[in-house]
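Understanding the architecture of this molecule
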Amino acid sequence: MWMHHGDRKVVHILQAQPKVVVKEEEEYVYDEGCDPLYTGLESGDRTGVTAEVEENLNPVVGVPKISNTNMAGRQRLYEKRILEVLEDLPSDYDTDTEVEEDEDGEFVDDPDQPRSICLTSEPYATADSENGAAQCKGGVATNQEHPDQEGLSTSTNGQELPTFSEKELPSTSTQGYQARRRWRKKSEAAQNVQFQPYSKNESVYFSALHAFLEFFDEEIISSVVYQSNLYSVQKGKAIALTEDELHVFFGINIMMSYHKLPSLGNFWATGEDLGVRPIQEAMSRDRFCKILSNLHLNDNQKMDPMKKDKLYKLRPLVESLNKKFQNIRSPGEHISVDESMIRFKGRSSLKQYNPIKPIKKGYKVWCLADNAGYVFKFDIYTGKGENNDPNMRKEFGLGGEVVLRLTEHLHNKNHKLFFDNYFTSFSLLEVLQGLKIQACGTVRQTRKDFPILAGDKKLKRGQFDYRSTPNGLTVYKWMDKKAVLMASNYHGIEATTVKRTEKDRKKAIVPCPQVVKDYNDNMGGVDKHDMLRQLYGTNRKSMKWWHRIFWGLLDMCIVNAYVVYKESHGSLPLLDFRRDLAQGLLTYSKECSRGAPKRRKTDYTIPPSVRLSNTGIHWPKFIGKKGRCEVCSKKGVESRPISICSHCGIHLCCNATKNCFYEFHT
């Protein structure tokens, strides 16, 4: 079997294999135990080549000569001769991840790990003085662990490396090769990095309504009112929504979230066992349904068909809330990244399915939160190919890309960041360490460059094994009832204890490394936020896919407002907070009118927020169909022009004698 590796042929001889034979007729080294790998020697390169091999090399092309002798003539190459050849070759220990250092800094062999040797035509490895890593230049190490597997070479991390025939030779380019991490069993002290806190937020919220309106402030309310009125005008039926009505509308929905009834109409029922009087007195049922059907956040007519933003309908709200979440409250030392779900069972390309989660179907939201359940930043997952950096995705994967994007504003503060094995990779931990973010999390054994640790049978409950790199990256294997794998860029091997509940409900004290205890104490921020959000969540069904996300973001604002309100007023049940908030929003009903204006001659059908704002998009348009002029109708004058406003969609006089178009928009 032949295999190219960097334009040179290397004869691999396995140690401790007594039967090694040289075929004179083909000049191949043949091993009866397994098929070795072959690669070619470059012309003129004879480093480490014995005289016997030199005789059988073609002096022109540097390849073995092929003779026509029969198979009978064979010459044995004994183990003694193999060892003589190996004495002249450099060691490949610098690139072997299974070689460890003891606490004195000397290298020791792990008796439980297989050894690998390599014959090359030039020095195999060159040491890198900066990071202690070594780079392979011309060899492929073979492993003795599975000598009977034909055509496979097992690397030091347990992965199988394929071999190729002469017709399937791989590329000889060595660009892009990266030296593997150098793991060693050497105790590393924990890094005592002081957290640099932010300036304290001295805001005091005197009511639940005050705390909520810090997040859903006047800017967002006015934007929703404008876009909803614009959408109703585009549909041909203006609703003339006001900001006070929108406050009442939100208050009714919050009250419905903790006051459950079979259907929407039951809240306005006349029966004493169904109707809810505060809702009936605040707004009529028809007005509530009209606002719900025209609720809108972004102008559909400005959507670019060439740039398909799947969250276009929600983009203004998502960007505004992310900024407010970060400005209102500063993150503490311990924060975590995890995924959250917004329940949805309809049809949408954004819907995800995860059978191991409590909410199995819905929209996935990546969240950065603290232990209190406050979300500082979130990102709605729109699919594999959406809103990603190809280079970042290739280097760190989807999980690493999410972590780096959510922590862009946390650099150089020495935060302690926690995440689960979906996000953890060794390259991500190294990058976060350079950004002065201390991170740890559970890790999967299939991650690239994962070191070899003690087997499960060798560890008893409470024991752990570890490997570390010179730059402070440490991997742990701790045995609880099952093996737990952890990785950290700032923990040492300090030991502590955790409490575990046995089958008989008794508490047991189990030894563990410090990284396990820190992870358990600080990883539940996003889960706590999910619990608070779904406890009295606005679970409103809708034919529009984005309504579910909108109500989920509204509940997210309520939970964040609840967290900051508790900091000012102490412990408070979430139900009492939601009740206070709903009743506070319903007080706006005293200032708003019940329903839309019904007399056209007393006021315009288009609200001022639409007809007077952004005047650059209002243009006269002439059509063949006549209609009653809005301005003339208010004045009691009969006029039916053929000109309309391109944005408002209503008839207005625009000719040499009348210019109602100008009067209407000023």
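Residues numbered from 1 in each chain as written. Predicted model: local features only at pLDDT ≥ 70, side-chain atom pairs only at ≥ 80, totals over all residues. Heavy atoms only, no water.

Details of the packing of aromatic side chains
Applying the stated criterion to the full structure yields 26 aromatic pairs. Taking 6.4 Å as the distance between ring centres and 80° as the angle between the ring planes, the aromatic pair formed by W546 and F550 counts as edge-to-face. Of this pair, W546 and F550 both sit in helix 13 (residues 545–569), four residues apart, which is roughly one turn of the helix. Exposure class is identical for W546 and F550. Each is buried. K364 extends its terminal NZ or CZ atom over the ring of Y381, reaching a point 5.5 Å from the ring centre. The ring of Y198 carries K413 above its face, with NZ or CZ at 4.8 Å from the centroid. (Phe/Tyr/Trp six-rings, centres within 6.5 Å; stacked < 30°, edge-to-face > 60°. Helix = DSSP H or I, 4+ residues; strand = E, 2+ residues; numbered from the N terminus. Buried < 20%, exposed > 50% of the residue type's maximum accessible area, 1.4 Å probe, protein only. Lys NZ or Arg CZ within 6 Å of the ring centre and 35° of its normal.)

Things to note about the pattern of salt bridges
Scanning the model with the defined rule gives 26 salt bridges in all. As a salt-bridge pair, K324 and E219 come within 3.8 Å of each other at their nearest N and O atoms. In this pair, K324 sits in helix 8 (residues 315–328) while E219 sits in helix 4 (residues 218–235), placing the two residues 105 residues apart along the sequence. Assessed through its relative accessible area of 53%, E219 is described here as exposed. The partner of R405 in a salt bridge is D379, and the shortest N-O contact between them spans 2.8 Å. You can see R405 sitting in helix 9 (residues 390–406) and its partner D379 sitting in strand 13 (residues 375–380), a full 26 residues away along the chain. Assessed through its relative accessible area of 23%, R405 is described here as partly exposed. D379 gets classed as partly exposed once you look at its relative accessible area, which sits at 24%. Salt bridges sharing partners connect three or more residues here, namely D379, R393, E401 and R405. (Salt bridge = Lys/Arg side-chain N within 4 Å of Asp/Glu carboxyl O.)

Structural notes on unusual backbone geometry
Unusually for a residue other than glycine, K436 sits at a positive phi of about 60°. Note on placement: K436 falls in the loop between helix 10 (426–434) and strand 15 (437–442). On the accessibility criterion, K436 (42% relative accessible area) is partly exposed. Positive phi outside glycine occurs at R505, with the angle close to 70°. Mapped onto the elements of the fold, R505 is located in the loop between strand 19 (495–501) and strand 20 (507–513). Its relative accessible area of 68% is what places R505 among the exposed residues.

Here we look at the pairing of strand 16 (residues 464–468)
The buried count for strand 16 comes to four of five residues, which makes it a mostly enclosed element. Here strand 16 pairs with strand 17 (residues 474–479) via five bridges, running antiparallel. Residue pairing across strands places R467 opposite V475, the latter belonging to strand 17. Once strand 16 ends, the chain turns through five residues before running back antiparallel as strand 17, passing G472 with a positive phi of about 100°. (Pairing = 2+ DSSP bridges.)

A short note on the environment of S633
Among the structural elements, S633 can be located in helix 16 (residues 630–635). A C-alpha to C-alpha distance of 9.8 Å links S633 and D603, two positions 30 residues apart in sequence.

Considering the pairing of strand 18 (residues 483–488)
Looking at chain direction, strand 15 and strand 18 are connected through three bridges and run antiparallel. Counterpart to G441 in the pairing with strand 18 is A487. Sheet analysis places strand 17 next to strand 18, joined by six bridges and oriented antiparallel. Each residue of the ladder has a partner; that of Y476, found in strand 18, is M486. Linking two consecutive strands that pair antiparallel, namely strand 17 and strand 18, is a turn of three residues.

With respect to a positive patch on the surface
There is a patch of like positive charges on the surface, built from R343, K345, K361 and K541. By the secondary structure assignment, K541 is in the loop between helix 12 (525–535) and helix 13. Residue K541 is classed as exposed on the basis of its relative accessible area, which comes to 73%. (Patch = residues over 30% accessible without salt bridge, like charges linked within 9 Å, V, L, I, M, F, W, Y side chains within 5 Å. Areas by Shrake-Rupley, 256 points an atom, 1.4 Å probe, with all protein chains shown as cover. Lys, Arg positive; Asp, Glu negative; His and termini not counted. Charge placed at Lys NZ, Arg CZ, Asp CG, Glu CD.)

Examining the nonpolar core
Ranked by internal contacts, the top residues of the largest apolar core, which has 105 residues, are F216, F250, F378, L417, F419 and F550. Examining the composition of this core, we find that 15 residues originate from one element, helix 13, more than from any other. (Core = buried A, V, L, I, M, F, W, Y, C linked by side-chain atoms within 4.5 Å.)

Thoughts on the environment of F216
Note that F216 resides in the loop between helix 3 (208–215) and helix 4. For F216 and C557, which are 341 residues apart along the polypeptide, the C-alpha to C-alpha distance reads 7.3 Å. Residues within four places of F216 in sequence aside, it is in contact with I221, F250, L317, F550, L554 and C557. (Contact = heavy atoms within 4.5 Å.)

A closer look at helix 3
Three or more residues of helix 3 are buried, namely A208, L209, A211, F212 and F215. Viewed along the axis of helix 3, the buried residues span an arc of 160°, placing them on a single side of the element. If you follow the buried residues of helix 3, they end up packed against helix 4, helix 8, helix 13 and helix 14 (574–586). (Arc of directions from axis to C-beta.)

With respect to the packing of helix 5 (residues 243–258) against helix 13
Direction vectors running N to C along helix 5 and helix 13 enclose 85°, while the axes themselves pass 12 Å from each other. As judged from the angle between their axes, helix 5 and helix 13 are roughly perpendicular. Taken together, the residues of helix 13 that come into contact with helix 5 (itself represented by F249, F250, N253 and I254) are F550, W551, L554 and I558. Taken together, the residues that form the contact of helix 5 with helix 13 break down as seven nonpolar, one polar and no charged. (Axes fitted to C-alpha atoms, helices over the stretch in contact; angles between N-to-C directions. Parallel < 35°, antiparallel > 145°, perpendicular 65-115°, else oblique. Nonpolar A, V, L, I, M, F, W, Y, C, P; charged D, E, K, R; others polar.)

Considering the confidence of the model for the protein
Per-residue pLDDT for the protein averages 77, and the proportion of residues at 70 or more is 70%. Low pLDDT, under 50, characterises residues 91–177; the predicted model gives this stretch 171 contacts beyond four residues in sequence or across chains. Segment residues 593–600 is flagged for pLDDT under 50; beyond a separation of four residues in sequence, or across chains, it makes 13 contacts in the model. (pLDDT = per-residue confidence, 0-100.)

Some words on the side chain of H665
The residue H665 is located in the segment after helix 17 (660–664) in this model. For H665, a relative accessible area of 8% gives the class buried. Apart from the residues lying within four places of it in its own chain, the contact partners of H665 are R611, L612, T615, H618, C645, C648 and L652.

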